[in-house]
Amino acid sequence: MTGTSEPTGQCRQHWLSYVDRLDPRDMACVNLVVIHCTELPDLATARDYGEVIHYPGSETGNSGHFYVDRDGSCEQWTPLDRVAHHVRGHNARSVGIEMVNRGRYPDWLDTRRQNDYEAYPEAQITGLLGLLTALQRTLPALTTIAGHDQLDLERVPASNQPDQTVRRKLDPGPTFPWERVLSTSGLQRWQDP
């Protein structure tokens with residue numbers, strides 16, 4: 001594997017088993033960071049999910065580039081010069097950062113669970129801010145940041161009331177400190193073109 005190393009020594013490389021099968025990309029075109037939350041209980045469960053093959057033709061799965069745990073520690077699962085599958089329609093030009101957070105787990109599509117996001121700990125936000133700073137040094141075109149919820153607006157039937165719909169993706173959720181992240185990082189919030 002000849003992928004680009006992590007942008008900061010604070011992130012441990014822990015490549016997914018299929019990274020060599022992910023499409024390569026020119027890092028000069030990467031101008032967007034997408035913030036997600038795992039909507040799973042812990043980093044180990046997120047890793048298990050990331051290793052699942054969802055695309056039989058390429059034998060790859062869904063994953064972000066970086067995972068920031070509640071204690072602020074960081075793992076990089078996908079090299080920056082590879083396209084990770086983390087957000088529909090924007091993968092080729094974006095970096096996916098997953099924040100470990102239970103979110104709506106395990107009833108993601110239940111109408112009663114749509115605001116069940118835990119608070120993001122200070123250490124986790126500090127870790128994210130350090131990662132964003134390092135990414136801006138590594139990726140000169142990086143100017144914009146978005147939440148997954150801004151880019152995936154699909155509605156699906158609710159699991160408890162199929163006659164109603166809920167948003168498929170709401171992450172990073174209502175507890176994410178956007179004002180602080182924007183003012184500290186200097187990145188611009190995504191505006192729908």
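Heads up: the structure comes first, above all this text.
An account of the accompanying structure is given in this report. Predicted model only: the values in this text are computed from it and were never measured.

**Description of the layout of surface pockets**
Thinking step 1. What the largest pocket holds in volume is close to 630 Å³.
Thinking step 2. Along the wall of the largest pocket there are 25 residues; nearest its centre are Thr38, Tyr49, Asn62, His148 and Lys169.
Thinking step 3. Breaking the lining of the largest pocket down by element, the ones donating at least two residues are strand 2 (32-37) and helix 1 (43-50).
Thinking step 4. Across the lining of the largest pocket, the residue classes break down as 9 nonpolar, 9 polar and 7 charged.

**Remarks on the side chain of Ser63**
Thinking step 1. In this structure, Ser63 sits in the loop between helix 1 and strand 3 (66-68).
Thinking step 2. Separated by 3.5 Å, the side chains of Ser63 and Tyr67 make a polar contact.
Thinking step 3. When residues no more than four places from it in sequence are discounted, the contact partners of Ser63 are Leu16, Tyr18, Trp77, Thr78, Ala84, His85 and His86.

**Thoughts on the side chain of Arg104**
Thinking step 1. Relative to the helices and strands, Arg104 is located in the loop between strand 5 (94-99) and helix 2 (122-138).
Thinking step 2. Only 3.5 Å separates the side chain of Arg104 from the side chain of Tyr117, close enough to count as a polar contact.
Thinking step 3. For Arg104, the contacting residues outside a window of four places in its chain are Glu39, Arg113, Gln114, Asp116, Tyr117, Arg167, Arg168, Lys169 and Leu170.

**Description of the pattern of salt bridges**
Thinking step 1. One pass over the structure, following the stated rule, counts 11 salt bridges.
Thinking step 2. Residues Arg88 and Glu154 are paired through a salt bridge, measuring 2.4 Å at the closest nitrogen-oxygen approach. With a gap of 66 residues between them, Arg88 in the loop between strand 4 (74-76) and strand 5 and Glu154 in the loop between helix 3 (148-151) and strand 7 (155-157) connect regions that are remote in the sequence.
Thinking step 3. Judged by relative accessible area, which is 48%, Arg88 ranks as partly exposed.
Thinking step 4. A salt bridge links Asp107 to Arg113, with the nearest nitrogen and oxygen atoms 3.5 Å apart.
Thinking step 5. Asp107 gets classed as partly exposed once you look at its relative accessible area, which sits at 36%.
Thinking step 6. Shared partners join several salt bridges into a network, and the residues in it are Arg88, Asp152, Glu154 and Arg168.

**Focus on the packing of helix 2 against helix 4 (residues 178-185)**
Thinking step 1. Following both chains from N to C, one finds helix 2 and helix 4 inclined at 35°, their axes separated by 10 Å at the closest point. The chirality of how helix 2 crosses helix 4 is right-handed. In this structure, helix 2 uses Glu122, Ile125, Thr126, Leu128, Leu129, Leu132 and Gln136 to contact helix 4, whose residues at the interface are Arg180, Val181, Thr184 and Ser185.
Thinking step 2. Tallied by class, residues from the contact of helix 2 with helix 4 come to 5 nonpolar, 4 polar and 2 charged.

**Digging into the pairing of strand 5**
Thinking step 1. Of all 6 residues that make up strand 5, 6 are buried, and the element is covered over most of its length.
Thinking step 2. The two faces of strand 5 match: Ser94, Gly96 and Glu98 on one face and Val95, Ile97 and Met99 on the other face are all buried.

**Some words on the nonpolar core**
Thinking step 1. If you look at the biggest cluster of nonpolar residues, it comprises 28 residues, and the most contacted ones within it are Ile35, Phe66, Ile97, Met99, Leu132, Leu135 and Phe176.
Thinking step 2. Broken down by secondary-structure element, the contributors of at least two residues to this core are strand 2, strand 3, strand 5, helix 2 and helix 4.
Thinking step 3. For this core, the element with the most residues is helix 2, which contributes 6 residues.
Thinking step 4. Membership of the second largest hydrophobic core comes to 10 residues, among which are Leu40, Ala46, Tyr67 and Trp77.

Rules used in this analysis
Residues numbered from 1 in each chain as written. Predicted model: local features only at pLDDT ≥ 70, side-chain atom pairs only at ≥ 80, totals over all residues. Heavy atoms only, no water. 1 Å grid on protein atoms, 1.4 Å probe; cavity = no way out; pocket = protein on both sides within 12 Å on 5 of 7 lines; lining within 4 Å. Points joined across faces, edges and corners; volume = space filled by probe spheres on them. Helix = DSSP H or I, 4+ residues; strand = E, 2+ residues; numbered from the N terminus. Nonpolar A, V, L, I, M, F, W, Y, C, P; charged D, E, K, R; others polar. Polar contact = N/O pair within 3.5 Å; in protein donor to acceptor, adjacent residues only side chain to side chain. Contact = heavy atoms within 4.5 Å. Salt bridge = Lys/Arg side-chain N within 4 Å of Asp/Glu carboxyl O. Buried < 20%, exposed > 50% of the residue type's maximum accessible area, 1.4 Å probe, protein only. Axes fitted to C-alpha atoms, helices over the stretch in contact; angles between N-to-C directions. Left-handed = near helix turned anticlockwise from the far one by under 90°. Core = buried A, V, L, I, M, F, W, Y, C linked by side-chain atoms within 4.5 Å.

By themselves, these figures tell us nothing about what the structure is for.
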